[in-house]
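One letter stands for each residue in the lines below.
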Amino acid sequence: MKLGAWLTRHAQNALGSLGTLSRNPVASALTIAVIGIALALPAALNLLVQQGRLLTGDVEATRDFSVYLAPGVDVERAAGLAATLRQREGIARVRLVTADDAAAGLREEPGFAEALATLPANPLPHTLVVRPAPAATAAEVEDLATELRGEPGVDLVRVDTGWLERLTAILDLVRRVVLAAGALLGLTVLFVVGNTIRLDIQNRAQEIEVAKLLGATDAFVRRPFLYLGFWYGLAGGVVALLLIGITLAAMAGPVARLLALYGTGARLGGLGLGTVAGVLLSGITAGWGGAWLAVGRHISAIQPKV
Amino acid sequence: MAAIRFDAVSKRYEGGRDALTDVTFELASGELAFLTGRSGAGKSTVLKLLGLIERPTRGAVIVDGRNVSRLPARDIPAYRQQVGMVFQDNKLLPDRTAYENVALPLIITGTGEREIGRRVRAALDQVGLLDRERQRPPALSAGEQQRLGIARAIVARPRLLIADEPTGNLDPELSLEIMTLFRRLNEVGVTMLIASHDLPLVERLRARRIALADGRLVPVPEAA
Ligand SMILES: Nc1ncnc2c1ncn2[C@@H]1O[C@H](COP(=O)(O)OP(=O)(O)OP(=O)(O)O)[C@@H](O)[C@H]1O
Ligand SMILES: [Mg+2]
C-alpha cells in the first residue's frame, strides 16, 4: 500500500470513529464526563501539592530565629557577636536588634507604650535575628540553635521549625495519596473506556462478522475501536483541563487573599504546560489502553458463522 | 487461476449428523460448475468449506495446490480477499448504503478512493443497481438485495467466486440475466461454483453440474 493511501485510510478511520461518538451524543458525553472527572481529580491534587511546595519554599526564607542576649551584654559586644556569627557556616544573615530598637518597636503597639513608660529602665535585651542558610535542613537549624545556646552571653534561643517539618511531611503524604489516587483513577478510565468499547463492539458484531467474511484482518477490525478509545481519552483530557481551569479561576481570589494574610509573595499558579500535556497524555494513554483491552478480548471472539 | 479439489472430504457439524460424506471432485481453473441437490443435501457446506468458514472433519480442500483447510488463522484474511462469496442470506449491512456495502471489500484491501468509486459503480451497473447506490438494504426488494450481494462479491475481481443460491429470490428473467453475468465473468477466467436448486435454469445454461444427495456425490441425472 502506498504511504498516501495508508495515511488516508488512517485519517478516515480516525474521522469515522469520531462519527461514532457523535451518533450517540448522550452516551458519549457521559463517558467523556466520567473520564474527565477521573483525570481532573489527581491532576488538581497534584497542582495543589506543587503550590504547597512553592509556599513552603517561600516560607523557608522566614525561618529566622531570635537569639536573646544576656542582660549584661552591651551593644558593642552584641555587635561583635553578630559579626562572628556572620562568618559561620549555615548562617545566611544576622541582624542586630538593640534593646532601644526593640523598645521603640514596642512603643508603637497600643498598650505596650504605657507599660514601658511605667518601668524605670528598658527591660528588653539585645537580640540577634539569625537567618539560616537556605540549604540548611530543619535538623541543621536545630543543631545551630543548640550550639548558639552554649555561646557566652547568649541567654535564650527560640527556634520553631517544627511546623515547617510537619507541613513538609503532610505535603509528602499528600503527594503519595495523589499518586495512589492517580493510579486508581487511571485504572477507572481504562475500565470505563474498555467497557464502553466492549458495548460498541457488541453493537457492531454483525459488521465485524461481515468484514471478516470479506477478508478483513483483526488489525483492520480493531483500528476504528482503537481510534475511538483515543478520542474518548483526548476528549476526557480536554474536559479535565476545563474543570481544573474553572476551579483555579474560581479559587484565585480567595487564595490570593489567604496567601496575603500569611505575608508571603506566593500566588496561585495557572495551568502549566506540563499539566496540560500530562493530563492529555494520561487521557490518551488510558483511552487507547482501555480500547486495547476491549478489542483484545472481544474482537477475536467474533467469528463468522453462516 | 484457481483450481479446486475436494479430496475425500467429510464434514460432521458439532452435535449434528454428517453433512458431507467422502466427497471427491475437481474443478479446473476457470471452470464454471453448478452444485445441485435437494435442501439439506450439503451444498452450503461445500461452499462454507471453500470460504474457510468451516473446516472439514476428514479429507482435504485444495485450492491452487494448497490445502486451505489447514491454513493458519492469520492467513485466512488474505485467502478470503481473493474469493468472492455470495451468501444465501446476503450478509449485507442494513445501516450502510448500497454503495458502502459494495465498497467494503475494496476498503479492506486498501484500495484508493477514486478506484473504489470507479469499481463500485461498475459492479452496481453490472447488477442493474446503479440508480440505487444511496439506498440502504432494507429499502431494497429481496431480489435487489441479492443482486447487491452479488455486486459486492465481484467488485474486488476475485479469482474464485462461490455463490449460494444467488438467484433464489429472482424472477426467471432476472435469474437468467444474473447467470449471464456469471457466464461473462467466467469467460474472463474466474473459477465459479454456484449452488442452486433451480434445476430448469441450471439445465438451460448447459454448464457442468456437481450433484449432491444426502451429503454424497451422486451421478447427475439426465435432463428430461
Ligand atoms: N451449523 C450447523 N450445525 C449443525 N448442522 C448443520 C449446520 N449447518 C448445516 N447443518 C446440517 O448439515 C446438512 C447440510 O446442510 P447444508 O446447509 O449444507 O444444506 P444445503 O444443501 O445448503 O440445503 P439448502 O438447499 O436448504 O440450503 C443439513 O442436514 C443441515 O441440517
Ligand atoms: Mg444452503
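Residues numbered from 1 in each chain as written. Chains lettered and ligands numbered in written order. Predicted model: local features only at pLDDT ≥ 70, side-chain atom pairs only at ≥ 80, totals over all residues. Heavy atoms only, no water.

**Student:** Pulling in residues and values, what's your account of the site of ligand 1?
**Tutor:** Residue and element names in this part refer to chain B. The local shell around ligand 1 holds 15 residues, among which S39, G40, K43, S44 and T45 are the closest. For ligand 1, an oxygen atom lies 2.6 Å from a polar atom in the side chain of S39. The side chain of T45 places a nitrogen or oxygen atom 2.6 Å from an oxygen atom of ligand 1. Looking at the shell around ligand 1, the element that brings in the most residues is helix α1 (residues 43–50), giving four residues. Grouping the constituent residues of the shell around ligand 1 by class yields three nonpolar, seven polar and five charged. (Near = heavy atom within 4 Å. Polar contact = N/O pair within 3.5 Å; in protein donor to acceptor, adjacent residues only side chain to side chain. Helix = DSSP H or I, 4+ residues; strand = E, 2+ residues; numbered from the N terminus. Nonpolar A, V, L, I, M, F, W, Y, C, P; charged D, E, K, R; others polar.)

**Student:** Could you give me a rundown of the side chain of B:R119, with the residues and numbers involved?
**Tutor:** Residue and element names in this part refer to chain B. Counting through the fold element by element, R119 comes out in helix α4 (residues 113–126). Assessed through its relative accessible area of 17%, R119 is described here as buried. Apart from the residues within four sequence positions on either side, R119 is in contact with L106, V155, A156 and R157. (Buried < 20%, exposed > 50% of the residue type's maximum accessible area, 1.4 Å probe, protein only. Contact = heavy atoms within 4.5 Å.)

**Student:** Can you tell me about the sheet that holds strand β3 (residues 127–132) of chain A, naming the residues and giving the values?
**Tutor:** All names here are of chain A. Spatially, four strands are ordered β2-β3-β1-β4 in an open sheet, and the strand pairing comes out antiparallel. Both edges of this open sheet fall to β2 (91–97) and β4 (154–158), since each of them pairs with a single strand only. In this sheet, neighbouring strand axes are inclined to one another by 20 degrees on average, regardless of whether the strands run parallel or antiparallel. Pairing geometry for β2 and β3, over six bridges, is antiparallel. Residue pairing across strands places L96 opposite L128, the latter belonging to β3. (Pairing = 2+ DSSP bridges. Axes fitted to C-alpha atoms, helices over the stretch in contact; angles between N-to-C directions.)

**Student:** Provide a residue-level description of the domain arrangement of chain B, including the pertinent values.
**Tutor:** The figure often quoted for interface size is the accessible area lost as the parts come together. All names here are of chain B. Looking at chain B, the domain boundaries give domain 1 (1–82 + 158–224) and domain 2 (92–157). Between the C-alpha centres of domain 1 and domain 2 the distance comes to 23 Å. Of the residues lining the interface, 16 residues belong to domain 1; the matching set on domain 2 comes to 13 residues. Both faces considered, domain 1 and domain 2 share a buried interface measuring about 1,100 Å² in area, 67% of it formed by carbon and sulfur atoms. The largest contributions to the domain 1 side of the interface with domain 2 come from Q81, P158 and L181, which together make up 39% of the buried area. Applying the counting criterion to the domain 1 and domain 2 interface returns zero salt bridges. The tally of links from domain 1 across to domain 2 stands at two residue pairs in polar contact (both at pLDDT 80 or more). (Domains from an automatic or database assignment. Buried area = accessible area lost by both parts, 1.4 Å probe. Salt bridge = Lys/Arg side-chain N within 4 Å of Asp/Glu carboxyl O.)

**Student:** Can you lay out the coordination of the magnesium ion (ligand 2) for me, pointing to particular residues and giving the numbers?
**Tutor:** Here the magnesium ion (ligand 2) is held by the protein donor atoms B:S44 (OG) and B:Q88 (OE1), which lie 1.9 to 2.5 Å from it. Linking B:S44 in helix α1 with B:Q88 in the loop between β6 (83–86) and α3 (98–108), this pair joins segments that are 44 residues apart in sequence. (Donors = N, O, S within 2.8 Å, 3.2 Å for Na, K, Ca; no water.)

**Student:** If you had to explain the packing of aromatic side chains to someone new, which residues and values would you point to?
**Tutor:** All names here are of chain A. Applying the stated criterion across every chain, the model contains four aromatic pairs over all chains. Between F230 and W288, the ring centres sit 6.4 Å apart and the planes meet at 90 degrees, which makes this aromatic pair edge-to-face. Separated by 58 residues along the polypeptide, F230 in helix α9 (residues 218–261) and W288 in helix α10 (residues 273–298) bring together distant segments of the chain. Accessibility expressed as a relative area gives 22% for F230, which makes it partly exposed. Overall, the relative accessible area of 32% leaves W288 in the partly exposed class. (Phe/Tyr/Trp six-rings, centres within 6.5 Å; stacked < 30°, edge-to-face > 60°.)

**Student:** Mind laying out the interface of chain A and chain B, listing which residues take part and the relevant values?
**Tutor:** Listed by partner, the interface residues are 19 residues for chain A and 21 residues for chain B. Of the roughly 1,800 Å² buried where chain A meets chain B, counting both sides, 61% is carbon and sulfur surface. Our count for the contact surface shared by chain A and chain B stands at two salt bridges. With a shortest N-O distance of 2.4 Å, A:E207 and B:R96 are connected by a salt bridge. At the level of secondary structure, the elements contributing two or more residues to the side of chain A that touches chain B comprise α1 (3–23) and α8 (205–213) of chain A.

**Student:** I'd like a rundown of the environment of A:Q303, residues and numbers included.
**Tutor:** Residue and element names in this part refer to chain A. On the secondary structure map, Q303 appears in the segment after α10. Overall, the relative accessible area of 48% leaves Q303 in the partly exposed class. In sequence terms Q303 and A205 are 98 residues apart; their C-alpha atoms lie 9.4 Å from each other. Beyond its immediate stretch of four places on either side in the chain, Q303 contacts E209 and K212.

**Student:** So, the sheet that holds strand β5 (residues 66–67) of chain B: which residues are in play, and what are the values?
**Tutor:** All names here are of chain B. As summarised here, the arrangement of the four strands in space is β2-β1-β4-β5, forming an open sheet in which the pairing is antiparallel. Only two strands of the sheet have a single neighbouring strand rather than two, namely β2 (18–27) and β5. Both strand β1 (residues 4–12) and strand β4 (residues 58–63) contribute to a ladder of five bridges, which runs antiparallel. Note that in β4 the partner of R5 across the bridge is I62. Lying on the sheet, α1 is in contact with β1, β2 and β4; it crosses β1 at an angle near 115 degrees.

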